[in-house]
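# Examining the three-dimensional arrangement
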Amino acid sequence: MNAPRTLSPDTLAAQALGWIAPQHRDLAPTIHPASTFERAADGSYPGGRLYSRDQSPAYDQAETLLAALEGGHQALLFPSGMAAATALVQALEPGARVLAPHAMYWGLRNWLQELATRRQIALDFYDNADGEALAAVLRTMPPRLLWIETPANPTWEVTDIAAACAAARAAGTLVAVDSTVPTPLLTRPLALGADFVMHSATKYLNGHSDVVAGALVCREDSPVWQRVRQNRAQGGAVLGPFEAWLLLRGMRTLPLRVRQACASAQRIAETLHGDARVAQVLYPGLPSHPGHAVAAAQMQGGFGGMLSIRVAGGEAAAMAVAGRLQVFKRATSLGSVESLVEHRASVEGPGTLCPPDLLRLSIGIEAVDDLLADLDQALDAPTRMADRRPA
Ligand SMILES: *Cc1c(COP(=O)(O)O)cnc(C)c1O
(Lines give C-alpha, C1' and ligand atoms only; values in the text may rest on other atoms or scores of the structure.)
Protein backbone atom coordinates (compact mmCIF):
# COMPACT_ATOMS: atom_id res chain seq x y z
CA MET A 1 0.00 0.00 0.00
CA ASN A 2 1.38 3.44 -0.85
CA ALA A 3 1.63 6.09 1.83
CA PRO A 4 -0.79 8.93 1.05
CA ARG A 5 1.90 11.60 0.65
CA THR A 6 -0.42 14.56 0.63
CA LEU A 7 -1.49 14.06 4.25
CA SER A 8 0.40 15.92 6.95
CA PRO A 9 2.88 14.07 9.19
CA ASP A 10 0.46 14.47 12.11
CA THR A 11 -2.25 12.57 10.24
CA LEU A 12 0.12 9.91 8.91
CA ALA A 13 1.46 9.28 12.41
CA ALA A 14 -1.89 9.42 14.24
CA GLN A 15 -3.42 6.81 11.92
CA ALA A 16 -0.18 4.85 11.39
CA LEU A 17 -0.86 5.42 7.66
CA GLY A 18 -4.48 4.32 8.06
CA TRP A 19 -3.74 0.68 7.27
CA ILE A 20 -6.63 -1.69 7.94
CA ALA A 21 -6.03 -5.46 8.28
CA PRO A 22 -8.38 -7.06 5.72
CA GLN A 23 -9.84 -10.01 7.63
CA HIS A 24 -11.47 -8.22 10.59
CA ARG A 25 -11.00 -4.61 9.50
CA ASP A 26 -8.87 -3.94 12.62
CA LEU A 27 -8.24 -0.25 13.27
CA ALA A 28 -5.30 -1.07 15.53
CA PRO A 29 -2.18 -2.59 13.96
CA THR A 30 -1.85 -6.37 14.14
CA ILE A 31 1.04 -8.15 15.87
CA HIS A 32 2.84 -10.66 13.64
CA PRO A 33 4.76 -13.14 15.79
CA ALA A 34 5.09 -15.84 13.06
CA SER A 35 8.65 -16.91 12.34
CA THR A 36 7.74 -18.96 9.25
CA PHE A 37 5.13 -19.01 6.47
CA GLU A 38 3.33 -21.78 4.60
CA ARG A 39 4.14 -22.83 1.06
CA ALA A 40 1.45 -23.71 -1.47
CA ALA A 41 1.24 -27.16 -3.10
CA ASP A 42 3.39 -25.95 -5.98
CA GLY A 43 6.13 -24.83 -3.55
CA SER A 44 5.46 -21.11 -3.98
CA TYR A 45 4.84 -18.65 -1.12
CA PRO A 46 1.36 -17.19 -1.68
CA GLY A 47 1.81 -14.92 1.36
CA GLY A 48 4.99 -13.49 -0.16
CA ARG A 49 7.13 -14.39 2.88
CA LEU A 50 9.53 -17.21 3.60
CA TYR A 51 11.09 -16.68 7.03
CA SER A 52 10.94 -13.83 9.56
CA ARG A 53 14.63 -13.15 10.07
CA ASP A 54 14.64 -11.06 6.93
CA GLN A 55 10.97 -10.87 5.93
CA SER A 56 8.97 -10.24 9.07
CA PRO A 57 5.62 -8.56 8.34
CA ALA A 58 5.94 -7.11 11.86
CA TYR A 59 8.12 -4.30 10.48
CA ASP A 60 6.10 -3.27 7.43
CA GLN A 61 3.86 -0.63 8.95
CA ALA A 62 6.44 1.06 11.18
CA GLU A 63 9.04 1.05 8.39
CA THR A 64 6.60 2.45 5.83
CA LEU A 65 5.42 5.12 8.27
CA LEU A 66 8.98 6.19 9.09
CA ALA A 67 9.93 6.29 5.40
CA ALA A 68 6.88 8.48 4.75
CA LEU A 69 7.69 10.84 7.65
CA GLU A 70 11.31 11.19 6.45
CA GLY A 71 10.33 11.42 2.76
CA GLY A 72 12.64 8.47 2.04
CA HIS A 73 12.66 5.55 -0.37
CA GLN A 74 12.75 2.87 2.33
CA ALA A 75 13.26 2.38 6.07
CA LEU A 76 14.68 -0.59 7.96
CA LEU A 77 14.19 -1.33 11.65
CA PHE A 78 17.04 -2.61 13.81
CA PRO A 79 17.17 -3.94 17.38
CA SER A 80 18.83 -0.70 18.61
CA GLY A 81 20.03 2.67 17.39
CA MET A 82 23.59 1.40 17.61
CA ALA A 83 22.69 -1.63 15.47
CA ALA A 84 21.30 0.75 12.83
CA ALA A 85 24.34 3.06 12.86
CA THR A 86 26.87 0.23 12.85
CA ALA A 87 24.99 -1.59 10.04
CA LEU A 88 25.50 1.42 7.79
CA VAL A 89 29.21 1.82 8.57
CA GLN A 90 29.75 -1.91 8.10
CA ALA A 91 28.17 -1.70 4.65
CA LEU A 92 31.04 0.56 3.49
CA GLU A 93 34.05 -0.89 1.69
CA PRO A 94 36.84 -2.12 4.01
CA GLY A 95 39.18 0.70 5.02
CA ALA A 96 36.68 3.41 3.98
CA ARG A 97 37.27 6.88 5.45
CA VAL A 98 34.62 8.14 7.83
CA LEU A 99 34.45 11.78 8.87
CA ALA A 100 32.59 12.20 12.17
CA PRO A 101 31.83 15.22 14.37
CA HIS A 102 33.67 15.94 17.63
CA ALA A 103 30.36 16.25 19.49
CA MET A 104 28.22 13.18 18.88
CA TYR A 105 26.56 10.25 20.62
CA TRP A 106 29.33 8.89 22.84
CA GLY A 107 28.63 5.19 22.23
CA LEU A 108 28.93 5.52 18.46
CA ARG A 109 32.08 7.65 18.74
CA ASN A 110 33.71 4.90 20.86
CA TRP A 111 32.68 2.18 18.41
CA LEU A 112 34.05 4.12 15.43
CA GLN A 113 37.34 4.61 17.28
CA GLU A 114 37.54 0.88 18.01
CA LEU A 115 36.94 0.10 14.36
CA ALA A 116 39.62 2.58 13.32
CA THR A 117 42.09 1.04 15.80
CA ARG A 118 41.52 -2.30 14.09
CA ARG A 119 42.04 -0.53 10.71
CA GLN A 120 38.61 -1.52 9.44
CA ILE A 121 37.88 2.15 8.75
CA ALA A 122 39.96 5.34 8.65
CA LEU A 123 38.49 7.92 11.01
CA ASP A 124 38.78 11.71 11.18
CA PHE A 125 36.83 14.30 13.13
CA TYR A 126 35.48 17.77 12.31
CA ASP A 127 34.08 20.62 14.40
CA ASN A 128 30.27 20.30 14.30
CA ALA A 129 29.58 23.99 13.75
CA ASP A 130 32.52 24.98 11.50
CA GLY A 131 31.01 24.65 8.02
CA GLU A 132 33.98 26.23 6.24
CA ALA A 133 36.51 23.86 7.79
CA LEU A 134 34.23 20.93 6.98
CA ALA A 135 33.90 22.00 3.33
CA ALA A 136 37.70 22.34 3.12
CA VAL A 137 38.23 18.79 4.43
CA LEU A 138 35.60 17.45 2.01
CA ARG A 139 37.46 19.14 -0.86
CA THR A 140 40.98 18.11 0.03
CA MET A 141 40.51 14.69 1.64
CA PRO A 142 37.05 13.44 0.63
CA PRO A 143 35.85 10.64 2.95
CA ARG A 144 33.52 7.84 1.86
CA LEU A 145 31.00 8.78 4.57
CA LEU A 146 30.27 12.02 6.37
CA TRP A 147 28.44 11.47 9.67
CA ILE A 148 26.32 14.35 10.99
CA GLU A 149 24.49 14.69 14.30
CA THR A 150 22.52 17.91 14.77
CA PRO A 151 21.74 19.28 17.31
CA ALA A 152 24.60 17.20 18.74
CA ASN A 153 24.84 15.49 22.10
CA PRO A 154 25.33 16.89 24.70
CA THR A 155 26.21 20.51 23.85
CA TRP A 156 23.62 20.86 21.02
CA GLU A 157 25.96 22.32 18.43
CA VAL A 158 24.28 22.74 15.06
CA THR A 159 25.57 21.57 11.67
CA ASP A 160 24.21 23.08 8.46
CA ILE A 161 22.97 19.90 6.75
CA ALA A 162 22.23 21.45 3.33
CA ALA A 163 25.64 23.15 3.11
CA ALA A 164 27.46 20.01 4.26
CA CYS A 165 25.52 17.86 1.76
CA ALA A 166 26.32 20.23 -1.12
CA ALA A 167 30.04 20.04 -0.30
CA ALA A 168 29.82 16.28 0.16
CA ARG A 169 28.06 15.76 -3.17
CA ALA A 170 30.81 17.65 -4.99
CA ALA A 171 33.34 15.37 -3.27
CA GLY A 172 31.45 12.12 -3.98
CA THR A 173 30.94 11.56 -0.25
CA LEU A 174 27.87 9.85 1.21
CA VAL A 175 26.11 11.67 4.06
CA ALA A 176 24.33 10.05 7.01
CA VAL A 177 22.50 12.07 9.66
CA ASP A 178 21.76 10.85 13.19
CA SER A 179 18.37 12.56 13.48
CA THR A 180 17.38 10.98 16.80
CA VAL A 181 17.07 14.34 18.58
CA PRO A 182 15.19 16.48 16.00
CA THR A 183 12.96 13.56 14.85
CA PRO A 184 11.35 13.64 11.37
CA LEU A 185 8.93 16.26 12.70
CA LEU A 186 11.56 19.00 13.11
CA THR A 187 14.20 18.20 10.48
CA ARG A 188 14.06 16.26 7.21
CA PRO A 189 17.70 15.53 6.33
CA LEU A 190 16.90 13.66 3.08
CA ALA A 191 15.19 16.74 1.66
CA LEU A 192 18.31 18.72 2.59
CA GLY A 193 20.47 16.36 0.53
CA ALA A 194 21.49 13.58 2.94
CA ASP A 195 21.67 9.98 1.67
CA PHE A 196 20.73 8.25 4.93
CA VAL A 197 18.95 9.08 8.17
CA MET A 198 19.56 7.10 11.34
CA HIS A 199 17.36 7.03 14.45
CA SER A 200 17.68 5.61 17.87
CA ALA A 201 13.99 4.67 17.88
CA THR A 202 14.47 4.00 21.60
CA LYS A 203 14.11 7.75 22.05
CA TYR A 204 11.40 10.01 20.56
CA LEU A 205 10.02 7.60 17.95
CA ASN A 206 8.92 5.16 20.65
CA GLY A 207 8.84 7.76 23.39
CA HIS A 208 7.87 5.67 26.41
CA SER A 209 11.18 4.25 27.71
CA ASP A 210 10.01 0.70 27.05
CA VAL A 211 11.56 -0.33 23.73
CA VAL A 212 15.16 -0.43 22.48
CA ALA A 213 15.12 -0.09 18.69
CA GLY A 214 16.78 1.70 15.80
CA ALA A 215 16.14 2.59 12.19
CA LEU A 216 17.83 3.61 8.96
CA VAL A 217 16.11 5.42 6.11
CA CYS A 218 17.61 5.90 2.63
CA ARG A 219 16.82 8.59 0.08
CA GLU A 220 17.20 6.15 -2.80
CA ASP A 221 18.29 2.60 -3.47
CA SER A 222 22.05 2.05 -3.88
CA PRO A 223 24.68 -0.69 -3.59
CA VAL A 224 25.46 0.47 -0.03
CA TRP A 225 21.76 0.25 0.90
CA GLN A 226 21.54 -3.24 -0.63
CA ARG A 227 24.48 -4.29 1.56
CA VAL A 228 22.71 -2.84 4.62
CA ARG A 229 19.63 -4.91 3.77
CA GLN A 230 21.68 -8.01 3.13
CA ASN A 231 23.67 -7.58 6.35
CA ARG A 232 20.46 -7.37 8.38
CA ALA A 233 18.95 -10.41 6.66
CA GLN A 234 22.10 -12.54 6.86
CA GLY A 235 23.69 -11.15 10.02
CA GLY A 236 20.37 -11.65 11.74
CA ALA A 237 20.37 -8.71 14.18
CA VAL A 238 16.62 -8.09 13.98
CA LEU A 239 13.97 -6.47 16.16
CA GLY A 240 11.30 -8.66 17.82
CA PRO A 241 7.69 -8.38 16.59
CA PHE A 242 6.33 -7.15 19.93
CA GLU A 243 8.93 -4.40 20.08
CA ALA A 244 8.05 -3.40 16.51
CA TRP A 245 4.39 -3.24 17.50
CA LEU A 246 5.12 -1.12 20.61
CA LEU A 247 7.30 1.18 18.53
CA LEU A 248 4.50 1.76 16.04
CA ARG A 249 2.13 2.48 18.91
CA GLY A 250 4.58 5.07 20.23
CA MET A 251 5.03 6.69 16.83
CA ARG A 252 1.32 7.43 16.59
CA THR A 253 1.65 10.19 19.22
CA LEU A 254 5.08 11.42 18.06
CA PRO A 255 3.91 14.84 16.78
CA LEU A 256 2.02 15.64 20.01
CA ARG A 257 4.92 14.58 22.23
CA VAL A 258 7.55 16.41 20.19
CA ARG A 259 5.51 19.61 20.10
CA GLN A 260 4.97 19.57 23.86
CA ALA A 261 8.66 18.82 24.54
CA CYS A 262 9.77 21.66 22.22
CA ALA A 263 7.45 24.20 23.80
CA SER A 264 8.51 23.26 27.33
CA ALA A 265 12.23 23.12 26.46
CA GLN A 266 12.03 26.59 24.89
CA ARG A 267 10.28 27.97 27.97
CA ILE A 268 12.75 26.33 30.37
CA ALA A 269 15.74 27.54 28.33
CA GLU A 270 14.40 31.11 28.29
CA THR A 271 13.63 31.01 32.02
CA LEU A 272 17.08 29.74 33.02
CA HIS A 273 18.97 31.95 30.54
CA GLY A 274 20.42 34.78 32.63
CA ASP A 275 19.67 33.03 35.96
CA ALA A 276 22.75 33.62 38.15
CA ARG A 277 22.67 30.02 39.35
CA VAL A 278 23.26 28.80 35.79
CA ALA A 279 26.55 29.65 34.07
CA GLN A 280 25.20 28.81 30.60
CA VAL A 281 22.12 27.38 28.93
CA LEU A 282 22.86 25.35 25.79
CA TYR A 283 19.79 25.27 23.56
CA PRO A 284 19.56 26.06 19.82
CA GLY A 285 16.25 27.85 20.41
CA LEU A 286 18.00 30.67 22.27
CA PRO A 287 19.08 33.56 19.99
CA SER A 288 22.39 33.61 21.93
CA HIS A 289 23.19 30.04 20.81
CA PRO A 290 25.86 30.12 18.06
CA GLY A 291 23.86 27.69 15.93
CA HIS A 292 20.53 29.50 16.31
CA ALA A 293 20.31 30.94 12.78
CA VAL A 294 21.16 27.63 11.08
CA ALA A 295 18.80 25.74 13.39
CA ALA A 296 16.00 28.22 12.65
CA ALA A 297 16.50 27.62 8.93
CA GLN A 298 16.69 23.82 8.97
CA MET A 299 14.33 22.97 11.84
CA GLN A 300 10.56 23.48 11.55
CA GLY A 301 8.20 23.82 14.46
CA GLY A 302 10.70 24.01 17.29
CA PHE A 303 14.27 23.46 18.39
CA GLY A 304 13.82 20.08 20.06
CA GLY A 305 13.24 18.82 23.56
CA MET A 306 16.89 18.56 24.60
CA LEU A 307 18.93 21.19 26.40
CA SER A 308 21.90 21.33 28.72
CA ILE A 309 22.75 23.67 31.57
CA ARG A 310 26.18 24.44 32.99
CA VAL A 311 25.68 24.92 36.70
CA ALA A 312 27.41 27.87 38.36
CA GLY A 313 29.72 26.43 41.01
CA GLY A 314 31.18 23.64 38.90
CA GLU A 315 30.98 19.87 38.92
CA ALA A 316 30.09 19.35 42.59
CA ALA A 317 27.29 21.89 42.30
CA ALA A 318 26.00 20.21 39.14
CA MET A 319 26.00 16.81 40.87
CA ALA A 320 24.15 18.30 43.83
CA VAL A 321 21.48 19.80 41.54
CA ALA A 322 21.00 16.46 39.76
CA GLY A 323 20.57 14.81 43.15
CA ARG A 324 17.96 17.30 44.33
CA LEU A 325 15.71 17.15 41.27
CA GLN A 326 12.56 15.17 41.97
CA VAL A 327 10.17 15.55 39.04
CA PHE A 328 13.08 15.09 36.65
CA LYS A 329 14.21 11.45 36.92
CA ARG A 330 17.93 10.87 37.13
CA ALA A 331 18.60 8.40 34.31
CA THR A 332 20.32 8.08 30.97
CA SER A 333 18.47 8.16 27.61
CA LEU A 334 16.19 10.85 26.22
CA GLY A 335 13.07 11.58 24.21
CA SER A 336 10.52 9.95 26.46
CA VAL A 337 7.30 11.18 28.08
CA GLU A 338 9.07 11.68 31.42
CA SER A 339 11.78 14.31 31.88
CA LEU A 340 15.30 13.08 32.58
CA VAL A 341 18.47 14.65 33.97
CA GLU A 342 21.96 13.31 33.53
CA HIS A 343 25.50 14.35 34.43
CA ARG A 344 27.05 13.38 31.10
CA ALA A 345 30.76 13.75 31.96
CA SER A 346 30.59 11.04 34.63
CA VAL A 347 28.50 8.76 32.38
CA GLU A 348 30.98 9.13 29.51
CA GLY A 349 34.00 8.70 31.80
CA PRO A 350 37.66 9.35 31.02
CA GLY A 351 38.27 11.03 27.67
CA THR A 352 34.89 12.78 27.66
CA LEU A 353 34.69 16.10 25.83
CA CYS A 354 31.71 17.10 27.99
CA PRO A 355 32.20 19.98 30.46
CA PRO A 356 32.12 18.65 34.07
CA ASP A 357 29.53 21.23 35.20
CA LEU A 358 27.03 20.20 32.49
CA LEU A 359 23.65 18.61 33.17
CA ARG A 360 21.73 17.25 30.18
CA LEU A 361 17.97 17.69 30.39
CA SER A 362 15.53 15.66 28.30
CA ILE A 363 12.21 17.48 28.51
CA GLY A 364 9.14 15.25 28.65
CA ILE A 365 5.45 16.05 28.37
CA GLU A 366 4.74 16.89 32.03
CA ALA A 367 3.28 20.30 32.96
CA VAL A 368 6.08 22.79 32.32
CA ASP A 369 5.34 24.62 35.60
CA ASP A 370 6.13 21.43 37.53
CA LEU A 371 9.44 21.12 35.67
CA LEU A 372 10.31 24.79 36.28
CA ALA A 373 9.47 24.54 39.99
CA ASP A 374 11.59 21.40 40.28
CA LEU A 375 14.58 23.09 38.63
CA ASP A 376 14.10 26.17 40.78
CA GLN A 377 14.20 24.24 44.06
CA ALA A 378 17.11 22.06 42.90
CA LEU A 379 19.21 25.05 41.81
CA ASP A 380 18.55 26.92 45.02
CA ALA A 381 21.60 25.94 47.04
CA PRO A 382 24.29 24.58 44.73
CA THR A 383 26.99 26.98 45.85
CA ARG A 384 26.23 26.32 49.51
CA MET A 385 26.51 22.58 48.77
CA ALA A 386 29.82 23.18 47.01
CA ASP A 387 31.09 25.24 49.96
CA ARG A 388 30.37 22.35 52.27
CA ARG A 389 33.02 20.23 50.58
CA PRO A 390 36.26 20.09 52.55
CA ALA A 391 38.87 22.46 51.11
C1 LIG B 1 20.64 6.78 22.21
C2 LIG B 1 21.27 7.32 21.01
C3 LIG B 1 21.94 6.50 20.11
C4 LIG B 1 22.06 5.00 20.32
O5 LIG B 1 20.82 4.36 20.24
P6 LIG B 1 20.43 3.02 21.08
O7 LIG B 1 19.02 2.80 20.72
O8 LIG B 1 20.67 3.34 22.53
O9 LIG B 1 21.36 1.94 20.59
C10 LIG B 1 22.49 7.08 18.98
N11 LIG B 1 22.41 8.42 18.76
C12 LIG B 1 21.78 9.24 19.60
C13 LIG B 1 21.72 10.70 19.31
C14 LIG B 1 21.20 8.73 20.77
O15 LIG B 1 20.59 9.56 21.63
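Analysis parameters
Residues numbered from 1 in each chain as written. Predicted model: local features only at pLDDT ≥ 70, side-chain atom pairs only at ≥ 80, totals over all residues. Heavy atoms only, no water. UniProt positions renumbered as here; feature names shortened; annotations may be inferred. Helix = DSSP H or I, 4+ residues; strand = E, 2+ residues; numbered from the N terminus. Rg over C-alpha atoms; globule rule 2.2 N^0.38 Å. Buried < 20%, exposed > 50% of the residue type's maximum accessible area, 1.4 Å probe, protein only. Contact = heavy atoms within 4.5 Å. Areas by Shrake-Rupley, 256 points an atom, 1.4 Å probe, with all protein chains shown as cover. Near = heavy atom within 4 Å. Polar contact = N/O pair within 3.5 Å; in protein donor to acceptor, adjacent residues only side chain to side chain. Nonpolar A, V, L, I, M, F, W, Y, C, P; charged D, E, K, R; others polar. Core = buried A, V, L, I, M, F, W, Y, C linked by side-chain atoms within 4.5 Å. Domains from an automatic or database assignment. Buried area = accessible area lost by both parts, 1.4 Å probe. Salt bridge = Lys/Arg side-chain N within 4 Å of Asp/Glu carboxyl O.

- An unreviewed UniProt entry lists the chain under the name PLP-dependent transferase, with Thauera sedimentorum given as the organism.
- The chain has a UniProt comment under Cofactor (unreviewed entry) that states "pyridoxal 5'-phosphate".
- Its UniProt record gives the chain the following Sequence similarities (unreviewed entry) comment, quoted word for word: "Belongs to the trans-sulfuration enzymes family."

### Details of the overall build of the chain
- In terms of regular secondary structure, the chain is built from 16 helices and twelve strands.
- At 22 Å, the chain has a C-alpha radius of gyration in line with the 21 Å of a compact globule built from 391 residues.
- Its C-alpha atoms give the chain principal-axis dimensions of roughly 80 × 55 × 40 Å.
- Within the span of the chain, comprising 391 residues, buried residues form 52% of the whole.
- Contacts spanning at least 24 positions in sequence make up 71% of the contacts within the chain whose residues lie at least 6 apart.
- For the chain, the exposed surface amounts to about 16,900 Å²; the carbon and sulfur share of it is 54%.

### Looking at the site of the ligand
- Close to the ligand lie 14 residues, the nearest being Met82, Asp178, Ser200, Thr202 and Lys203.
- Gly81 is positioned with one of its backbone polar atoms (N or O) 2.8 Å from an oxygen atom of the ligand.
- Taking Ser200, its side chain carries an N or O atom lying 2.8 Å from an oxygen atom of the ligand.
- Contact with the protein chains removes 91% of the 380 Å² of surface that the ligand exposes when unbound.
- Sorting the residues of the shell around the ligand by element identifies α4 (81–90) and β6 (196–200) as the ones contributing at least two each.
- Partitioned by chemical class, the residues of the shell around the ligand number five nonpolar, six polar and three charged.

### Some words on the nonpolar core
- Of all hydrophobic cores here, the largest spans 72 residues; its most connected members are Ile268, Val281, Leu307 and Ile309.
- Of the residues forming this core, the biggest block, seven residues, is contributed by helix α11 (residues 254–272).
- Three or more residues apiece are contributed to this core by two domains, here domain 1 (9–251) and domain 2 (254–386).
- In this structure, Leu76, Val98, Leu216 and Val224 belong to the second largest nonpolar core, which totals 31 residues.

### Looking at the side chain of Thr180
- As for its placement among the helices and strands, Thr180 is situated in the loop between β5 (174–178) and α8 (183–186).
- Its relative accessible area of 8% is what places Thr180 among the buried residues.
- For Thr180, the side chain forms a polar contact with the side chain of Asp178, separated by 2.7 Å.
- One polar contact links the side chain of Thr180 to the main-chain amide nitrogen of Ser200, over a distance of 2.8 Å.

### Quick word on the domain arrangement of the chain
- Parsing the chain into structural domains produces domain 1 (9–251) and domain 2 (254–386).
- Between domain 1 and domain 2, the C-alpha centre-to-centre distance is 27 Å.
- Each partner contributes residues to the interface: domain 1 has 37 residues there, and domain 2 has 39 residues.
- Looking at the side of domain 1 facing domain 2, the largest losses of area belong to Trp106, Leu186 and Tyr204, adding up to 27% of the total buried there.
- Summed over the shared surface of domain 1 and domain 2, the number is one salt bridge.
- Measuring nitrogen to oxygen at the nearest pair gives 2.3 Å for the salt bridge that ties Arg259 to Asp10.

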